[in-house]
Amino acid sequence: MLLWMPTQMLGFINMMSHQAIAGGERIFEIIDTPLDVVERPDARDLRPMRGDVTFREVGFAYGSAPPLLRGIDFRAPAGRTIAIVGPSGSGKSTLINLIPRFYDATFGQILIDGIDVRELTLTSLRSQIGMVMQETFLFNMTIRENISYGRTDATEADIVAAAKAANAHDFIGELAAGYDTMIGEKGVRLSGGQRQRIAIARAIVVDPRILILDEATSAVDSRTDYLIQQALDRLMVGRTTFVIAHRLTTAMRADEIRVLADGAVAARGSHAELLDRSPTYRTIYETQLRPT
Ligand SMILES: Nc1ncnc2c1ncn2[C@@H]1O[C@H](COP(=O)(O)OP(=O)(O)OP(=O)(O)O)[C@@H](O)[C@H]1O
Ligand SMILES: [Mg+2]
């Protein structure tokens, strides 16, 4: 009887050590992966930009996979809002990830204010681009630290002003520790809509010239939806904005819509124009955008 427990334990330890070895191998594999995106030794700093974005015959493939994007060619003049729509998996998120160089275009060029993004330092490029993504990423830190993450010298007044503009100030005020509330595993769990508004506040603090919004597909109630839309409207003013639209209201408010299908821009125009002449857009409208 006395031997039984230790024998069981030995088996258990043996299993654990095998899992640890396998896990360790995987971790080192990831650490050793060469980075896709490297900064050139002669990279220069991007001066405060106007925010004019040009895609010149851009093609892209993930590794050795078949090309996902091809011949993407367009210009977004500074301050304009471009909505991108397309079927799920058509490469919308991939397309916008090329602007801050999370990946490099396989073919062609992306230019900001006429400069190829590959000639710039990553810090100077990314510090002028704000992102609010499909899945909001928050750190296990206080709300204050999450909002000021992109600009560590932000003052208390900057943070509160951003939270107000993002319609987040009120719910933050209702939390016991306010802006000092810890988020995540060791703290409070925020709802999807609340997380998005923290991400919007974070982007407002950075005050970027280019804004990238990957609209969440997850449903929120109509009041929250309104608060998020209003926050986004405030954030978008005066910035070049790329928004992947999953809502009709977002598509309709853009200066122009581009339809992505089969790896290329299939059509461009306003909502009314596209409904009239793009069958692809009509299908997207029927299946994704039209309020039910
Ligand atoms: N890191 C990656 N490595 C390899 N393939 C990827 C990677 N990320 C995305 N893909 C593939 O590229 C294709 C396009 O993905 P992407 O996320 O750009 O689509 P999307 O248009 O944003 O879709 P959704 O509307 O569902 O968000 C998909 O087939 C996806 O599986
Ligand atoms: Mg996506």
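Structure first, text after, so check above.
Note that the coordinates shown come from a computational prediction; the quantities given were computed from them, not determined experimentally.

K.L.:
Describe the overall build of the protein, with residues and values.
P.N.:
Across its full length, the protein carries 11 helices and 10 strands. Dimensions along the principal axes, computed over C-alpha positions, put the protein at roughly 80 × 50 × 50 Å. Buried positions account for 33% of the 292 residues belonging to the protein. Within the protein, residue pairs in contact and separated by at least 24 positions form 73% of the contacts whose partners lie at least 6 positions apart.

K.L.:
If you had to explain helix α1 (residues 4-32) to someone new, which residues and values would you point to?
P.N.:
Its 29 residues place the ends of α1 43 Å apart at the C-alpha level, agreeing with the 42 Å of an ideal helix rising 1.5 Å per residue. Summarising burial for α1: zero of the 29 residues are buried, a small minority.

K.L.:
How would you sum up the site of ligand 1? Please name residues and give values.
P.N.:
In the neighbourhood of ligand 1, the contacting residues comprise Tyr 62, Leu 68, Gly 86, Ser 88, Gly 89, Ser 90, Gly 91, Lys 92, Ser 93 and Thr 94. Considered class by class, the residues forming the shell around ligand 1 number two nonpolar, seven polar and one charged.

K.L.:
Any chance you could break down unusual backbone geometry for me, citing the residues and the numbers?
P.N.:
Phi at Arg 101 takes a positive value of approximately 60°, unusual for a residue other than glycine. In the Ramachandran plot, Asp 113 falls in the positive-phi region, its phi being about 50° despite a non-glycine side chain. Its location among the elements puts Asp 113 in the loop between β4 (107-112) and β5 (115-116). Judged by local crowding, Asp 113 falls into the partly exposed class, with 15 C-beta atoms found within 10 Å.

K.L.:
Account for the sheet that holds strand β3 (residues 81-85), with residues named and values stated.
P.N.:
Remark on secondary structure: sheet strands pair via backbone hydrogen bonds, oriented parallel or antiparallel. Read from one edge of the open sheet, six strands run β6-β7-β8-β3-β9-β10, paired in mixed fashion. Strands with a single pairing partner mark the edges of an open sheet, and in this sheet they are β6 (129-132) and β10 (264-269). Direction aside, the axes of adjacent strands within the sheet are offset by 20° on average. Inspection of the sheet shows β3 paired to strand β9 (residues 256-261) by four bridges, in the parallel sense. The residue of β9 that forms the bridge with Ile 82 is Glu 256.

K.L.:
An account of the sheet that holds strand β1 (residues 53-60) is needed here, citing residue identities and associated values.
P.N.:
In spatial order, the strands read β2-β1-β4-β5; together these four strands make up an open sheet with antiparallel pairing. Looking at the sheet topology across the chains shown, the edges are occupied by β2 (69-76) and β5. Sheet topology places β4 next to β5; two bridges connect them, and they run antiparallel. When the bridges of β5 are listed, Leu 111 appears paired with Asp 116.

Cut-offs used in this document
Residues numbered from 1 in each chain as written. Chains lettered and ligands numbered in written order. Predicted model: local features only at pLDDT ≥ 70, side-chain atom pairs only at ≥ 80, totals over all residues. Helix = DSSP H or I, 4+ residues; strand = E, 2+ residues; numbered from the N terminus. Buried ≥ 20, exposed ≤ 12 C-beta atoms within 10 Å, placed from the backbone. Contact = placed C-beta atoms within 7 Å. Expected span 1.5 Å × (residues − 1). Near = placed C-beta within 6 Å. Nonpolar A, V, L, I, M, F, W, Y, C, P; charged D, E, K, R; others polar. Pairing = 2+ DSSP bridges. Axes fitted to C-alpha atoms, helices over the stretch in contact; angles between N-to-C directions.

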